[in-house]
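Each chain is listed here by its residues.
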Amino acid sequence: MAHQDLSITAKLINGGVAGLVGVTCVFPIDLAKTRLQNQHGKAMYKGMIDCLLKTARAEGFFGMYRGAAVNLTLVTPEKAIKLAANDFFRQLLMEDGMQRNLKMEMLAGCGAGMCQVVVTSPMEMLKIQLQDAGRLAVHRQGSASAPSTSRSYTTGSASTHKRPSATLIARELLRTQGLAGLYKGLGATLLRDIPFSIIYFPLFANLNNLGFNEFAGKASFAHSFVSGCVAGSVAAVAVTPLDVLKTRIQTLKKGLGEDMYSGITDCARKLWIQEGPSAFMKGAGCRALVIAPLFGIAQGVYFIGIGERILKCFE
(Lines give C-alpha, C1' and ligand atoms only; values in the text may rest on other atoms or scores of the structure.)
Protein backbone atom coordinates (compact mmCIF):
# COMPACT_ATOMS: atom_id res chain seq x y z
CA MET A 1 0.00 0.00 0.00
CA ALA A 2 3.05 2.29 0.30
CA HIS A 3 2.81 2.80 -3.43
CA GLN A 4 -0.48 4.63 -2.95
CA ASP A 5 1.13 7.47 -1.00
CA LEU A 6 3.46 8.39 -3.80
CA SER A 7 0.83 7.95 -6.41
CA ILE A 8 -1.47 10.79 -5.47
CA THR A 9 1.12 13.57 -5.91
CA ALA A 10 2.46 11.86 -8.99
CA LYS A 11 -1.07 11.53 -10.33
CA LEU A 12 -1.72 15.21 -9.80
CA ILE A 13 1.45 16.14 -11.65
CA ASN A 14 0.54 13.73 -14.42
CA GLY A 15 -2.96 15.11 -14.67
CA GLY A 16 -1.66 18.65 -14.76
CA VAL A 17 0.97 18.01 -17.42
CA ALA A 18 -1.50 16.04 -19.51
CA GLY A 19 -4.07 18.79 -19.23
CA LEU A 20 -1.70 21.57 -20.22
CA VAL A 21 -0.24 19.72 -23.18
CA GLY A 22 -3.67 18.56 -24.27
CA VAL A 23 -5.34 21.96 -24.10
CA THR A 24 -2.52 23.57 -26.02
CA CYS A 25 -2.83 20.99 -28.77
CA VAL A 26 -6.56 20.98 -29.27
CA PHE A 27 -7.87 24.33 -28.10
CA PRO A 28 -8.54 25.76 -31.58
CA ILE A 29 -10.71 22.75 -32.41
CA ASP A 30 -12.62 23.31 -29.20
CA LEU A 31 -13.15 26.93 -30.19
CA ALA A 32 -14.53 25.79 -33.54
CA LYS A 33 -16.85 23.43 -31.66
CA THR A 34 -18.28 26.25 -29.53
CA ARG A 35 -18.85 28.47 -32.53
CA LEU A 36 -20.41 25.73 -34.62
CA GLN A 37 -22.73 24.77 -31.80
CA ASN A 38 -23.82 28.35 -31.31
CA GLN A 39 -24.52 29.29 -34.89
CA HIS A 40 -27.96 28.79 -36.28
CA GLY A 41 -30.03 30.23 -39.03
CA LYS A 42 -27.70 31.48 -41.74
CA ALA A 43 -24.57 29.45 -41.16
CA MET A 44 -21.44 31.53 -40.86
CA TYR A 45 -19.11 28.55 -40.78
CA LYS A 46 -19.51 25.51 -43.01
CA GLY A 47 -17.53 23.28 -40.74
CA MET A 48 -14.54 22.95 -38.49
CA ILE A 49 -11.82 23.76 -41.04
CA ASP A 50 -13.84 26.66 -42.45
CA CYS A 51 -14.36 28.02 -38.95
CA LEU A 52 -10.67 27.80 -38.08
CA LEU A 53 -9.60 29.46 -41.33
CA LYS A 54 -12.08 32.30 -40.90
CA THR A 55 -11.12 32.76 -37.28
CA ALA A 56 -7.41 32.84 -38.08
CA ARG A 57 -8.07 35.32 -40.88
CA ALA A 58 -10.33 37.60 -38.83
CA GLU A 59 -8.66 37.37 -35.44
CA GLY A 60 -5.16 36.18 -36.12
CA PHE A 61 -3.49 32.94 -34.99
CA PHE A 62 -4.05 33.72 -31.33
CA GLY A 63 -7.70 34.42 -32.07
CA MET A 64 -8.02 30.65 -32.18
CA TYR A 65 -6.74 30.52 -28.62
CA ARG A 66 -9.30 33.00 -27.27
CA GLY A 67 -10.25 31.73 -23.84
CA ALA A 68 -7.34 29.30 -23.61
CA ALA A 69 -5.89 31.09 -20.60
CA VAL A 70 -8.95 30.18 -18.52
CA ASN A 71 -8.57 26.57 -19.54
CA LEU A 72 -4.84 26.43 -18.98
CA THR A 73 -5.27 27.92 -15.52
CA LEU A 74 -8.08 25.64 -14.50
CA VAL A 75 -7.35 22.43 -16.37
CA THR A 76 -4.82 21.27 -13.77
CA PRO A 77 -7.20 21.52 -10.80
CA GLU A 78 -9.96 20.03 -12.95
CA LYS A 79 -7.90 17.02 -14.02
CA ALA A 80 -6.54 16.68 -10.53
CA ILE A 81 -10.02 16.54 -9.03
CA LYS A 82 -11.27 14.15 -11.68
CA LEU A 83 -8.40 11.69 -11.41
CA ALA A 84 -8.14 11.81 -7.65
CA ALA A 85 -11.90 11.37 -7.32
CA ASN A 86 -11.99 8.48 -9.77
CA ASP A 87 -9.22 6.79 -7.84
CA PHE A 88 -10.79 7.47 -4.49
CA PHE A 89 -14.16 6.11 -5.58
CA ARG A 90 -12.61 3.08 -7.20
CA GLN A 91 -10.75 2.16 -4.04
CA LEU A 92 -13.86 2.85 -2.00
CA LEU A 93 -16.12 0.77 -4.22
CA MET A 94 -13.83 -2.10 -5.09
CA GLU A 95 -12.38 -3.86 -2.11
CA ASP A 96 -9.82 -5.43 -4.38
CA GLY A 97 -8.62 -2.96 -6.99
CA MET A 98 -7.88 -5.62 -9.59
CA GLN A 99 -11.27 -7.25 -9.67
CA ARG A 100 -13.18 -5.32 -12.30
CA ASN A 101 -16.82 -4.74 -11.74
CA LEU A 102 -18.52 -2.68 -14.40
CA LYS A 103 -21.22 -1.25 -12.18
CA MET A 104 -18.64 -0.08 -9.71
CA GLU A 105 -16.44 1.37 -12.44
CA MET A 106 -19.39 3.37 -13.68
CA LEU A 107 -20.21 4.59 -10.18
CA ALA A 108 -16.62 5.64 -9.70
CA GLY A 109 -16.73 7.46 -13.03
CA CYS A 110 -19.96 9.10 -11.94
CA GLY A 111 -18.45 10.32 -8.71
CA ALA A 112 -15.44 11.68 -10.58
CA GLY A 113 -17.70 13.49 -13.03
CA MET A 114 -19.67 15.06 -10.21
CA CYS A 115 -16.61 16.26 -8.35
CA GLN A 116 -14.90 17.90 -11.28
CA VAL A 117 -17.93 20.03 -12.11
CA VAL A 118 -16.92 22.35 -9.27
CA VAL A 119 -14.13 23.58 -11.54
CA THR A 120 -15.44 22.63 -14.98
CA SER A 121 -18.68 24.55 -14.85
CA PRO A 122 -17.29 28.06 -14.27
CA MET A 123 -14.31 27.31 -16.47
CA GLU A 124 -16.48 26.37 -19.43
CA MET A 125 -18.80 29.29 -18.74
CA LEU A 126 -15.97 31.81 -19.11
CA LYS A 127 -14.30 29.93 -21.93
CA ILE A 128 -17.48 29.86 -24.00
CA GLN A 129 -18.01 33.64 -23.72
CA LEU A 130 -14.46 34.26 -24.90
CA GLN A 131 -14.58 31.70 -27.68
CA ASP A 132 -17.84 33.01 -29.02
CA ALA A 133 -16.91 36.69 -28.93
CA GLY A 134 -15.33 36.57 -32.38
CA ARG A 135 -18.33 34.89 -33.96
CA LEU A 136 -20.64 37.49 -32.44
CA ALA A 137 -18.47 40.36 -33.64
CA VAL A 138 -18.85 39.16 -37.22
CA HIS A 139 -22.50 38.34 -36.64
CA ARG A 140 -23.11 41.87 -35.38
CA GLN A 141 -21.26 43.54 -38.24
CA GLY A 142 -23.41 41.54 -40.59
CA SER A 143 -26.52 42.84 -38.89
CA ALA A 144 -25.48 46.50 -39.06
CA SER A 145 -24.99 46.71 -35.31
CA ALA A 146 -28.64 46.50 -34.36
CA PRO A 147 -29.20 47.26 -30.68
CA SER A 148 -28.35 44.22 -28.65
CA THR A 149 -31.23 43.09 -26.50
CA SER A 150 -29.30 40.66 -24.35
CA ARG A 151 -27.53 41.97 -21.29
CA SER A 152 -23.98 42.56 -22.19
CA TYR A 153 -21.27 42.01 -19.61
CA THR A 154 -19.60 45.33 -20.24
CA THR A 155 -21.06 48.42 -18.68
CA GLY A 156 -21.28 50.99 -21.45
CA SER A 157 -21.76 50.62 -25.17
CA ALA A 158 -18.37 52.22 -25.76
CA SER A 159 -16.56 49.41 -24.01
CA THR A 160 -18.49 46.67 -25.78
CA HIS A 161 -15.92 46.44 -28.52
CA LYS A 162 -13.11 45.90 -26.08
CA ARG A 163 -11.99 42.30 -26.16
CA PRO A 164 -13.65 40.66 -23.22
CA SER A 165 -11.32 39.06 -20.71
CA ALA A 166 -12.06 36.20 -18.38
CA THR A 167 -11.50 38.29 -15.27
CA LEU A 168 -13.78 40.99 -16.61
CA ILE A 169 -16.57 38.54 -17.36
CA ALA A 170 -16.12 36.72 -14.05
CA ARG A 171 -16.21 39.99 -12.11
CA GLU A 172 -19.26 41.20 -14.00
CA LEU A 173 -21.08 37.89 -13.47
CA LEU A 174 -20.29 37.87 -9.77
CA ARG A 175 -21.36 41.48 -9.45
CA THR A 176 -24.70 41.04 -11.22
CA GLN A 177 -25.66 37.47 -10.40
CA GLY A 178 -23.38 36.30 -7.64
CA LEU A 179 -21.83 32.84 -7.64
CA ALA A 180 -24.87 31.45 -9.41
CA GLY A 181 -23.87 33.48 -12.47
CA LEU A 182 -20.56 31.66 -12.71
CA TYR A 183 -22.29 28.32 -12.24
CA LYS A 184 -24.89 28.90 -14.92
CA GLY A 185 -25.39 25.69 -16.85
CA LEU A 186 -24.25 23.60 -13.90
CA GLY A 187 -27.09 21.16 -14.49
CA ALA A 188 -26.22 20.89 -18.17
CA THR A 189 -22.56 20.39 -17.30
CA LEU A 190 -23.46 17.56 -14.92
CA LEU A 191 -25.75 16.06 -17.52
CA ARG A 192 -22.82 16.00 -19.91
CA ASP A 193 -19.96 15.03 -17.61
CA ILE A 194 -21.60 12.24 -15.68
CA PRO A 195 -22.72 10.22 -18.74
CA PHE A 196 -19.32 10.96 -20.26
CA SER A 197 -17.52 9.48 -17.27
CA ILE A 198 -19.92 6.55 -17.09
CA ILE A 199 -19.07 5.68 -20.69
CA TYR A 200 -15.41 6.62 -20.69
CA PHE A 201 -13.89 5.01 -17.61
CA PRO A 202 -15.24 1.47 -18.00
CA LEU A 203 -14.72 1.55 -21.76
CA PHE A 204 -11.12 2.60 -21.32
CA ALA A 205 -10.45 0.07 -18.57
CA ASN A 206 -11.83 -2.74 -20.69
CA LEU A 207 -10.13 -1.71 -23.94
CA ASN A 208 -6.89 -1.27 -22.06
CA ASN A 209 -7.27 -4.70 -20.51
CA LEU A 210 -7.35 -6.29 -23.95
CA GLY A 211 -3.72 -5.32 -24.41
CA PHE A 212 -2.63 -6.43 -20.96
CA ASN A 213 0.90 -7.77 -21.10
CA GLU A 214 1.64 -10.50 -18.54
CA PHE A 215 5.34 -9.79 -18.78
CA ALA A 216 5.19 -6.02 -18.22
CA GLY A 217 2.22 -6.14 -15.86
CA LYS A 218 0.39 -3.51 -17.89
CA ALA A 219 -0.69 -2.76 -21.44
CA SER A 220 1.81 -1.24 -23.84
CA PHE A 221 1.99 2.51 -24.19
CA ALA A 222 0.64 2.47 -27.74
CA HIS A 223 -2.27 0.30 -26.66
CA SER A 224 -3.14 2.62 -23.77
CA PHE A 225 -2.90 5.66 -26.01
CA VAL A 226 -5.25 4.16 -28.58
CA SER A 227 -7.62 2.92 -25.87
CA GLY A 228 -7.74 6.41 -24.41
CA CYS A 229 -8.44 7.94 -27.80
CA VAL A 230 -11.15 5.44 -28.72
CA ALA A 231 -12.89 5.55 -25.36
CA GLY A 232 -12.69 9.34 -25.35
CA SER A 233 -14.12 9.69 -28.86
CA VAL A 234 -16.98 7.29 -28.26
CA ALA A 235 -17.93 8.98 -25.00
CA ALA A 236 -17.56 12.46 -26.51
CA VAL A 237 -19.77 11.78 -29.51
CA ALA A 238 -22.33 10.01 -27.33
CA VAL A 239 -22.82 13.05 -25.12
CA THR A 240 -22.63 15.70 -27.87
CA PRO A 241 -26.37 16.54 -27.68
CA LEU A 242 -25.92 17.42 -24.01
CA ASP A 243 -22.86 19.45 -24.88
CA VAL A 244 -24.79 21.46 -27.47
CA LEU A 245 -27.43 22.26 -24.85
CA LYS A 246 -24.73 23.25 -22.39
CA THR A 247 -23.02 25.55 -24.88
CA ARG A 248 -26.29 27.25 -25.77
CA ILE A 249 -27.32 27.70 -22.15
CA GLN A 250 -23.93 29.05 -21.11
CA THR A 251 -23.67 31.54 -23.96
CA LEU A 252 -24.69 34.87 -22.46
CA LYS A 253 -24.51 37.14 -25.46
CA LYS A 254 -26.65 36.05 -28.34
CA GLY A 255 -26.45 37.19 -31.92
CA LEU A 256 -29.54 38.57 -33.57
CA GLY A 257 -32.45 36.22 -33.83
CA GLU A 258 -30.76 33.83 -31.43
CA ASP A 259 -32.88 32.56 -28.59
CA MET A 260 -32.47 32.88 -24.88
CA TYR A 261 -33.23 29.67 -22.99
CA SER A 262 -34.82 29.33 -19.60
CA GLY A 263 -33.34 25.92 -18.93
CA ILE A 264 -32.33 22.56 -20.31
CA THR A 265 -35.75 21.35 -21.43
CA ASP A 266 -36.63 24.73 -22.92
CA CYS A 267 -33.34 24.75 -24.82
CA ALA A 268 -33.86 21.19 -26.05
CA ARG A 269 -37.40 21.94 -27.19
CA LYS A 270 -36.45 25.08 -29.10
CA LEU A 271 -33.48 23.37 -30.70
CA TRP A 272 -35.62 20.46 -31.86
CA ILE A 273 -38.40 22.67 -33.22
CA GLN A 274 -36.29 25.36 -34.83
CA GLU A 275 -33.25 23.51 -36.04
CA GLY A 276 -34.27 19.90 -36.22
CA PRO A 277 -32.72 16.83 -34.62
CA SER A 278 -29.44 17.21 -36.49
CA ALA A 279 -28.70 20.35 -34.46
CA PHE A 280 -28.09 18.12 -31.46
CA MET A 281 -25.02 16.69 -33.14
CA LYS A 282 -23.44 20.06 -33.94
CA GLY A 283 -19.72 19.95 -33.33
CA ALA A 284 -19.68 16.17 -32.80
CA GLY A 285 -16.70 15.78 -35.12
CA CYS A 286 -14.89 18.57 -33.30
CA ARG A 287 -15.65 16.95 -29.98
CA ALA A 288 -14.24 13.62 -31.07
CA LEU A 289 -11.16 15.38 -32.41
CA VAL A 290 -10.72 17.38 -29.21
CA ILE A 291 -11.36 14.65 -26.70
CA ALA A 292 -9.43 11.84 -28.36
CA PRO A 293 -6.00 13.49 -28.20
CA LEU A 294 -6.79 15.00 -24.79
CA PHE A 295 -7.42 11.60 -23.31
CA GLY A 296 -4.78 9.89 -25.37
CA ILE A 297 -2.18 12.37 -24.14
CA ALA A 298 -3.41 12.00 -20.56
CA GLN A 299 -3.18 8.24 -20.75
CA GLY A 300 0.25 8.57 -22.31
CA VAL A 301 1.60 10.89 -19.63
CA TYR A 302 0.31 8.48 -17.01
CA PHE A 303 1.96 5.53 -18.57
CA ILE A 304 5.29 7.21 -19.06
CA GLY A 305 4.92 8.26 -15.42
CA ILE A 306 6.13 11.83 -15.76
CA GLY A 307 4.91 12.62 -12.26
CA GLU A 308 6.88 9.75 -10.72
CA ARG A 309 9.97 10.85 -12.62
CA ILE A 310 9.66 14.46 -11.48
CA LEU A 311 9.17 13.33 -7.87
CA LYS A 312 12.25 11.09 -8.09
CA CYS A 313 14.32 14.19 -8.89
CA PHE A 314 13.27 15.73 -5.57
CA GLU A 315 14.02 12.70 -3.44
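For clarity, every value in this text was computed on a predicted model and none was experimentally measured.

Trainee: Run through the overall build of the protein chain, naming residues and quoting values.
Mentor: In terms of helices and strands, the protein chain carries twelve helices and zero strands. Along the chain direction, N to C, the helices and strands of the protein chain fall in the order α-α-α-α-α-α-α-α-α-α-α-α. For the protein chain, the proportion of its 315 residues judged to be buried stands at 49%. A separation of at least 24 residues holds for 79% of the contacts in the protein chain among residues at least 6 apart in sequence. Approximately 15,000 Å² of the protein chain is accessible, and the part contributed by carbon and sulfur atoms is 68%.

Trainee: Outline the nonpolar core, supporting the account with residue identities and numerical values.
Mentor: As a rule of thumb, nonpolar side chains are buried together in soluble globular proteins. Core analysis: the biggest nonpolar cluster contains 24 residues, and Ala32, Met48, Phe196, Tyr200, Cys286 and Phe295 have the highest contact counts within it. Counting residues per element, the ones that place at least two in this core are helix 1 (2-38), helix 2 (48-59), helix 7 (186-210), helix 8 (221-238) and helix 11 (284-304). Looking at this core, the element that brings in the most residues is helix 11, giving five residues. Counting ten residues, the second largest nonpolar core, distinct from the first, contains Met125, Leu126, Ala170 and Leu182.

Trainee: Tell me what's going on with the packing of helix 7 against helix 9 (residues 240-250), and back it up with residues and numbers.
Mentor: At a minimum axis distance of 8 Å, the contact between helix 7 and helix 9 shows a crossing angle of 155°. By the angle between their directions, the pair helix 7 and helix 9 is classed as roughly antiparallel. The handedness of the crossing between helix 7 and helix 9 comes out as left-handed. Only Leu242, Asp243, Lys246, Ile249 and Gln250 of helix 9 make contact with helix 7, whose side of the interface consists of Ala188, Thr189, Leu191, Arg192 and Pro195. When the residues that make up the contact of helix 7 with helix 9 are grouped by side-chain class, the tally is five nonpolar, two polar and three charged.

Trainee: Mind laying out the environment of Ala108, listing which residues take part and the relevant values?
Mentor: Relative to the elements of secondary structure, Ala108 occurs in helix 4 (residues 102-142). Sequence separation between Ala108 and Gln91 is 17 residues, and the spatial gap between their C-alpha atoms is 8.9 Å. Not counting residues up to four positions away in its chain, the partners in contact with Ala108 are Asn86, Phe89, Arg90 and Leu93.

Trainee: I'd like a rundown of a nonpolar patch on the surface, residues and numbers included.
Mentor: Taken together, the side chains of Phe221, Phe225, Val226, Val230, Val234 and Ile304 define a hydrophobic patch exposed on the protein surface, amounting to about 470 Å² of accessible area. Sort the elements by how many residues they give to the nonpolar patch and helix 8 lands first, with five residues. Position of Phe225 relative to the elements: it lies in helix 8. By relative accessible area, Phe225 is classed as partly exposed at 31%.

Trainee: I'd love a proper account of the packing of aromatic side chains, names of residues and values included.
Mentor: Tallying each qualifying case throughout the model produces seven aromatic pairs. A centroid spacing of 6.1 Å and a plane angle of 15° characterise the contact between Phe27 and Tyr65, whose relative ring orientation is stacked. Remark: Tyr65 occurs in the loop between helix 2 and helix 3 (68-93) and Phe27 occurs in helix 1; sequence separation between them is 38 residues. The exposure class of Tyr65 is partly exposed, given its relative accessible area of 22%. When the centroid spacing of 6.0 Å and the interplanar angle of 10° are considered together, the rings of Tyr200 and Phe204 count as stacked. With Tyr200 and Phe204 both in helix 7 and four residues apart, this pair spans about one turn of that helix.

Trainee: Any chance you could break down the pattern of salt bridges for me, citing the residues and the numbers?
Mentor: Counted by the stated rule, this structure contains 19 salt bridges. With a shortest N-O distance of 3.0 Å, Arg35 and Glu59 are connected by a salt bridge. Of this pair, Arg35 sits in helix 1 while Glu59 sits in helix 2, and the two are 24 residues apart along the sequence. A relative accessible area of 15% places Glu59 in the buried class.

Trainee: Can you lay out the packing of helix 7 against helix 8 for me, pointing to particular residues and giving the numbers?
Mentor: At their nearest, the axes of helix 7 and helix 8 sit 8 Å apart, and the two run at 155° to each other. One way to sum up the angle between helix 7 and helix 8 is to call them roughly antiparallel. When the axes of helix 7 and helix 8 are compared, the crossing they make is right-handed. Of the residues in helix 8, those touching helix 7 at Phe196, Ile199, Tyr200, Leu203, Phe204, Leu207, Asn208 and Leu210 are His223, Ser224, Ser227, Gly228, Val230, Ala231, Gly232, Val234, Ala235, Ala236 and Ala238. Of the residues assigned to the contact of helix 7 with helix 8, the class counts are 13 nonpolar, six polar and no charged.

About the cut-offs
Residues numbered from 1 in each chain as written. Predicted model: local features only at pLDDT ≥ 70, side-chain atom pairs only at ≥ 80, totals over all residues. Heavy atoms only, no water. Helix = DSSP H or I, 4+ residues; strand = E, 2+ residues; numbered from the N terminus. Buried < 20%, exposed > 50% of the residue type's maximum accessible area, 1.4 Å probe, protein only. Contact = heavy atoms within 4.5 Å. Areas by Shrake-Rupley, 256 points an atom, 1.4 Å probe, with all protein chains shown as cover. Core = buried A, V, L, I, M, F, W, Y, C linked by side-chain atoms within 4.5 Å. Axes fitted to C-alpha atoms, helices over the stretch in contact; angles between N-to-C directions. Parallel < 35°, antiparallel > 145°, perpendicular 65-115°, else oblique. Left-handed = near helix turned anticlockwise from the far one by under 90°. Nonpolar A, V, L, I, M, F, W, Y, C, P; charged D, E, K, R; others polar. Patch = residues over 30% accessible without salt bridge, like charges linked within 9 Å, V, L, I, M, F, W, Y side chains within 5 Å. Salt bridge = Lys/Arg side-chain N within 4 Å of Asp/Glu carboxyl O. Phe/Tyr/Trp six-rings, centres within 6.5 Å; stacked < 30°, edge-to-face > 60°.

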